[in-house]
Structure formats: structure tokens, C-alpha cells
Amino acid sequence: MFDTTIYTSEHSAEQLSPDELLMIAQRTLPKLVEKLDFQQSALCTGYFIGVDHLSAIDRPIFVGPKRDATRKLDYMTMLRTCLFHPGVHPHIEELFDIRFEKQPIRIRQQDDLLTPLLIVQFLRATERVVKKGLQKGYYKKTESMTGKVKGRILVSETIRQHHYRNDFLTTECKYQEFGIDTPPNRILNKTLRFIQRYAQLMSVSVLQLGEKLRFLTPAFNRVGTEVAFMDIEHYRPNPFYAEYTEAIALARLLLKRFGYQLNAVRSDDYTDVPPFWIDMSKLFELYVLSKLQDNLGPGELIFQADGEFGYLDFLRTSQGEEMIIDAKYKYIYNQNGYDIEDIRQLSAYARDRGLLNQLRIPESEWQKTVLPCLIVYPNAKKTPSDFSSLYDHPIKQFERFFRLGIDLPMIDII
């Protein structure tokens, strides 16, 4: 099989011919492409990973997580940390986008970033459903009854299945019953079966599915898996069970991913996935949020604080320790460098009246206040992250500017 897919990683340059670059430039660049460098004859990737069509040159492109000669970024552990952190999960919107309406792309099974992402999201959403309790309701049930009837008699089915066999005591009946074996719960249970098969066939130990599946599956022991396609596609959420909305939406994405067929989950060398992208800068921002919330006191941090200048990543509000904190998914800070645009941006935040108004600093003191600014960046030096003090590593060219490297999980490349 001849594979024409361009395989690369984030923040990389892929060599292409000048003619190919010119053809790509004539159309809107996909999210996975940051820019085209005509001097170096290179297609440059940026902050997005995933897979998409380069339709201008009739080639797909796959962009994986950042890597070096021996290791690659373990984005799934970062994602799992964010999804299962109670203070971070509500902010997961706009992290990724899937284009099911576009033609699927065949990629190597080992490069399937989409399915594990959907699985982790779904398990988190379903866990919230189970902890609150499965929704009960009325559902239709068909049963063969001997010597009695219940509900509505299915005449044609009774004649075909029983009377033709000289069994005149058994009747096919259809009636309503109240319980948990409802279409929404069947959708969730059906999706769990898909995930169990996926876990058996694929090397997904990184997802740590076993513990979650052992917790979730017993809750669905009295729930079936047969559900009509229309029930899946046209599910209407119940406002009293808001947890179901996200879980059913993710179940729909996973079932659609496999064409609603359990035997479509295979351990082949290649797999077909719809075009999608994951915003790694957003994922890094949420990962930093989880670490800051774990290390700072409750109520000390405002995420996406709204100021006059815009939205700040993090505003520390502790009295006497107020601080402007911003997550920058840039490796330049590992070399004691800095991006002057980041310095200017944080300097503006430090003087933003909308942000100052959210602190317990009297307005009369604002003119004399210089808020400290902290830039959190991915640490590539393999030194432990230390949150005990946020002031240990100043950016010496500027007053009250600091940097903090945060460890990111990595996977050794075999």
C-alpha cells in the first residue's frame, strides 16, 4: 500500500516542492498549517495536532505531538488530567474539532489521536452520569407471554411465531415498563461495549481504561444495547438530567466514528478517521490550570479573568500575593529567552483596570501598584516543577517579571 500522507509533528518544517507550496497557498490554510516558508521550501506546523486534507496537492497531512530523538509529548496524559480534574473539566470547550462531513483519511493505526481523545471524554462524562444515578423512565418492551396478555397484542407476530407452530397459548405482547433500560442508557451502554472491544484490540494502556470500565459497567448490568439509529441521532436532553447531554453527544461521536458497527473496531495497521484538530496551546493552558489549582489555596485563582484589555489566563487574588499569570506554550523560555510580545501583553494586563478591580487593592493605590507577572512555559530541562514559590526565576531584563517551567508528561520512542 502506497501511503502519500505527510507525517510530521507540531512546530516542525516539512520540505515540499515550490510547486506544491504554490498550490497550497492558493487556498485557505488548514488549522494544522501555521505558514508556508517559500525561502526554505517548507510547510510549517504550529500549535495544532490532528489530520486534514491538503486538497490542493491531493495529499493528507498528519501532525503529531511535539517530539525529539528519544521522546514525544504524552498529550493523552495531559488530556486525562484535565478531563478528570473537577476544576478544569468545565472549561474543555473548543479544545478540539471534528469534521465528520468531510471525507475520511486513512492513517496508521498507531497515529490515531482522535479515538483515545473521544474515549477519555466519554468516560468522564459517563462517570458523572453514574455518580448521580441513571435516569429512569418508561420504555417499550416486547415479551412472549404464556397464558396471559399484557399491554397491546402483536397479532401478526403472534400468528407468525406461535400459531403457525400450533402454539396457541403464547402471545407476543408490547407494553411500557418503568426502569433504567431506557434508550439514553442503552446508548451509553452500547458505547461502553465499543470501548471494551477497542481496549482489548488496541495498545491503549496509557488510557488506563480498566479502572474506569470496572467502575462504570456494573451500573449498566440491567440495561440493554439494542437501540434504534433514530434514538441515537435525535436524542432530546432532559433538563433534570443535564449530565446526559455531554455523555450522549460524545457517545454519538464515538458510534459515528465506527459507523455504528461493533465489528468495525479492528486492530488493523491502518484506520480511517475524519479530519480533526486538537489545540495544544489550549490543552497546555488547561493543564497549567490543573497544576495551579492543586498547589494554590481554594478561591485564590480566577481563570479567564475578564479585563478591559481582554481575557487573562489566570489572576491570583490572594491578598498580598496578587499576580498576573499567563500560560505560554513556547519553548523559548527554556533558554532564558523571552518573547517581547508576551512581556508587552502581560504588562498591559498588570495595568488593566478591569483586572485591578477584581483584587482587594484600593483604587487609590492603583497608580503605585506594579503587579508581578508570571509566565508558565513547558519545561524541557527535566527538572521538577516547583510551585512552592512563584518568584524563584525572574526575567532579569524586566521589573517583577518571573518564569516557571512546568513538567509535561513524555513517552519514550521505541
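Residues numbered from 1 in each chain as written. Predicted model: local features only at pLDDT ≥ 70, side-chain atom pairs only at ≥ 80, totals over all residues. Heavy atoms only, no water.

The name given to the chain in an unreviewed UniProt entry is Restriction endonuclease, with Mucilaginibacter angelicae as the source organism.

1. What to know about the side chain of glutamate 322
Within the secondary structure, glutamate 322 is located in the loop between β16 (311-316) and β17 (323-327). Salt bridges are absent for the buried glutamate 322, whose nearest opposite-charge side chain, arginine 360, sits at 6.0 Å. Looking at glutamate 322, its side chain comes within polar contact range of the main-chain nitrogen of glycine 320, at 3.2 Å. Once residues lying within four places of it in the same chain are set aside, the contact partners of glutamate 322 are Arg316, Thr317, Leu359, Ile361, Leu371 and Pro372. (Helix = DSSP H or I, 4+ residues; strand = E, 2+ residues; numbered from the N terminus. Buried < 20%, exposed > 50% of the residue type's maximum accessible area, 1.4 Å probe, protein only. Lys, Arg positive; Asp, Glu negative; His and termini not counted. Salt bridge = Lys/Arg side-chain N within 4 Å of Asp/Glu carboxyl O. Polar contact = N/O pair within 3.5 Å; in protein donor to acceptor, adjacent residues only side chain to side chain. Contact = heavy atoms within 4.5 Å.)

2. Overview of the packing of aromatic side chains
Here the structure, examined in full by the defined rule, presents 13 aromatic pairs. Cation over ring: lysine 66 sits above tyrosine 331, and NZ or CZ is 4.9 Å from the ring centre. The side chain of lysine 256 reaches across the aromatic face of phenylalanine 100, ending 5.2 Å from its centre. (Phe/Tyr/Trp six-rings, centres within 6.5 Å; stacked < 30°, edge-to-face > 60°. Lys NZ or Arg CZ within 6 Å of the ring centre and 35° of its normal.)

3. Quick word on a nonpolar patch on the surface
Together, Val149, Ile153, Val155, Ile159 and Tyr164 line one region of the surface with nonpolar side chains, adding up to about 490 Å² of accessible area. Here isoleucine 159 shows up in helix α4 (residues 155-161). (Patch = residues over 30% accessible without salt bridge, like charges linked within 9 Å, V, L, I, M, F, W, Y side chains within 5 Å. Areas by Shrake-Rupley, 256 points an atom, 1.4 Å probe, with all protein chains shown as cover.)

4. Digging into the pairing of strand β3 (residues 33-37)
Judged from the four bridges that link them, β3 and strand β4 (residues 42-45) form a sheet pairing that is antiparallel. For valine 33, the partnering residue across the bridge sits in β4 and is threonine 45. Remark: four residues form the turn of the hairpin made by β3 and β4, two consecutive strands paired antiparallel; serine 41 in that turn has positive phi of roughly 55°. (Pairing = 2+ DSSP bridges.)

5. Examining the nonpolar core
Grouped together as the largest cluster of nonpolar side chains are 92 residues, with contacts concentrated most on Leu43, Phe122, Leu188, Phe314 and Ile325. Looking at this core, the element that brings in the most residues is helix α3 (residues 114-132), giving 10 residues. Once residues within four sequence positions are removed from consideration, leucine 188 is found in contact with Phe122, Thr126, Val129, Phe220, Tyr244, Ala247, Ile248 and Ala251. One finds Leu346, Leu355, Leu356 and Leu371 within the second-largest nonpolar core, a separate group that totals 20 residues. (Core = buried A, V, L, I, M, F, W, Y, C linked by side-chain atoms within 4.5 Å.)

6. Quick look at the environment of proline 104
Positionally, proline 104 belongs in the loop between β8 (96-98) and β9 (105-108). According to the relative accessible area criterion, proline 104 is partly exposed, its value standing at 47%. Expressed as a C-alpha distance, the spacing of proline 104 and arginine 71, which sit 33 residues apart in the sequence, is 29 Å. In contact with proline 104, not counting residues within four places along its chain, are His53, Asp272, Val273 and Pro274.

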